[in-house]
Structures are given as structure tokens and as C-alpha cells.
Amino acid sequence: SVTGGFRATRLSTVPGPSEVCRAGYINHANEGKIATLGGAAEAIAEHGAVSGSVAQAMAEGALEKSGATYALATTGIAGPGGGSAAKPVGTAYLALAGGGETLVRHLFFPTDRETFTQLAAQNALNLLRVRLASDCREHSRLPECCVYSRLNAPIGSDLKTAASTVDASLCEAR
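Residues numbered from 1 in each chain as written. Predicted model: local features only at pLDDT ≥ 70, side-chain atom pairs only at ≥ 80, totals over all residues. Heavy atoms only, no water.

Before going further, it helps to examine the pattern of salt bridges. With the rule as written, the count across this model stands at one salt bridge. When the shortest N-O distance is used, the salt bridge between E101 and R131 registers 3.2 Å. In this pair, E101 sits in strand β3 (residues 101–108) while R131 sits in helix α5 (residues 113–138), placing the two residues 30 residues apart along the sequence. (Salt bridge = Lys/Arg side-chain N within 4 Å of Asp/Glu carboxyl O. Helix = DSSP H or I, 4+ residues; strand = E, 2+ residues; numbered from the N terminus.)

Structural data, given as C-alpha cells:
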């Protein structure tokens, strides 16, 4: 919720996003998180909307709803208001569900709202990129996996350039 679609924007800046992105959900309000992603209600009630439990529930709900292989979720406090002593402005939780597990990361970016959004989105995409690279190496699926290197590509890069600049070792095995 905290990236406001910036992850999808990052994927859309290079050709072929439909090859790697099945669905996307932008849910800022708790009601949207619950209605769209299912199991977040209990986590929100117990831990608040900005928590590792909610990020996990959102990622797992998105995975189930979309039928994708992996799902990312972000929740956080971009500011300038909304923070507390326990959860200050700059708090972010990222979750990646897929492959029978969900990874959750707690990060802190004490910066302006725009930079916070970019950092949260890029760190989430990088979490997925690292997981995909690991899976590709583990299952010897390097050629098909080169497409996923785009996740860390500079805006405006084409797929071939993105793959060669981000993780050349994946594509060298082609």
C-alpha cells in the first residue's frame, strides 16, 4: 500500500510487463486490504496496518487471489504525518510470498515521502529479483529467467540491456 503503484510503474517502464506481472493491487485503506487480499483483517486488528504480519497477509492474499508464482506486498508510513514512537515515519515492511514460504523484511527510511516510496518499491522489487535469481540458478532455468532481471533495470532500459547490466551472470549461461 505504501508505494502507491510505484512498483507497477517500475515494471511498466520496460517492454513486456505482461510477461512477468499477472495482477496488481493498490490498497491504502484497511477496508481495501481486507476486501481485496483476504486474511489481513486479523493481522490489522492485532498489529495495526503497518506491520510485518499485515505485509505477510497481504502478500499471501495476493498470491492466492492472483494465482501468480510470487507476490509482493509493502506497507509503511511515508509521512509526513502518521508516525508514532513505536512506528515512526519511514517505517516499512516488505513481504514476498511464493515457493511455499513468505519472506518479511522490516526497513526504515527516514526521508521525504517521494524518496521513501521509491526506496520501499525498489527494495521490494530487489527482494523478488534476488529470489528469482536464486530460483533460476537452483533449477537451471537461466535463459527463461533473464526476463526477471528487468526488476532492477534503470527506467527506459530495454530487456536485453537490463538483463546484461543487472545480473549478467544469469544471462551468460544462455
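Turning to helix α3 (residues 40–47), a few remarks are in order. Listing the buried residues of α3 in full gives A40, A43 and I44. The arc that holds every buried residue of α3, seen down its axis, measures 100°, which confines them to one face. Facing away from the buried side of α3 by more than 90 degrees, the exposed set consists of E42, A45 and E46. On the buried face of α3, the contacting elements are α2 (30–37) and α4 (52–66). Residue G48 follows α3 closely and has a positive phi angle near 90°. (Buried < 20%, exposed > 50% of the residue type's maximum accessible area, 1.4 Å probe, protein only. Arc of directions from axis to C-beta. Contact = heavy atoms within 4.5 Å.)

What follows deals with the packing of α2 against α4. For any two helices packed against each other, one specifies the inter-axial angle together with the distance between the axes. Between α2 and α4, the shortest axis-to-axis distance is 9 Å and the interhelical angle comes to 40°. The angle between α2 and α4 falls in the class oblique. Facing K33, T36 and L37 of α2, the residues of α4 in contact are V54, A57, M58, G61, A62 and K65. Looking at the contact of α2 with α4, its residues break down into five nonpolar, two polar and two charged. (Axes fitted to C-alpha atoms, helices over the stretch in contact; angles between N-to-C directions. Parallel < 35°, antiparallel > 145°, perpendicular 65-115°, else oblique. Nonpolar A, V, L, I, M, F, W, Y, C, P; charged D, E, K, R; others polar.)

The next thing to look at is α5. Between its first and last C-alpha, α5 extends 38 Å over 26 residues, near the 38 Å set by a 1.5 Å rise per residue. Regarding α5, its N-cap is D112, as a side-chain oxygen of that residue lies 3.2 Å from the backbone nitrogen of E114 further along. (Expected span 1.5 Å × (residues − 1). Polar contact = N/O pair within 3.5 Å; in protein donor to acceptor, adjacent residues only side chain to side chain.)

To continue, consider the pairing of strand β2 (residues 91–98). Most of β2 is tucked away, with eight of its eight residues classed as buried. Residues T91, Y93, A95 and A97 line one face of β2 and the alternating positions A92, L94, L96 and G98 line the opposite face, and both faces are buried. Direction of pairing for strand β1 (residues 70–76) relative to β2: antiparallel, over a ladder of seven bridges. Across the sheet, A71 pairs through a bridge with A97, a residue of β2. Across eight bridges, β2 lies against β3 in antiparallel orientation. Residue pairing across strands places T91 opposite F108, the latter belonging to β3. (Pairing = 2+ DSSP bridges.)

Look at α3 against α4: their axes get within 8 Å of each other, and the N-to-C directions meet at 170°. Classed by the angle they form, the pair α3 and α4 counts as roughly antiparallel. Facing A40, A43, I44 and H47 of α3, the residues of α4 in contact are S53, V54 and A57. In terms of residue class, the contact of α3 with α4 is made up of five nonpolar, two polar and no charged.

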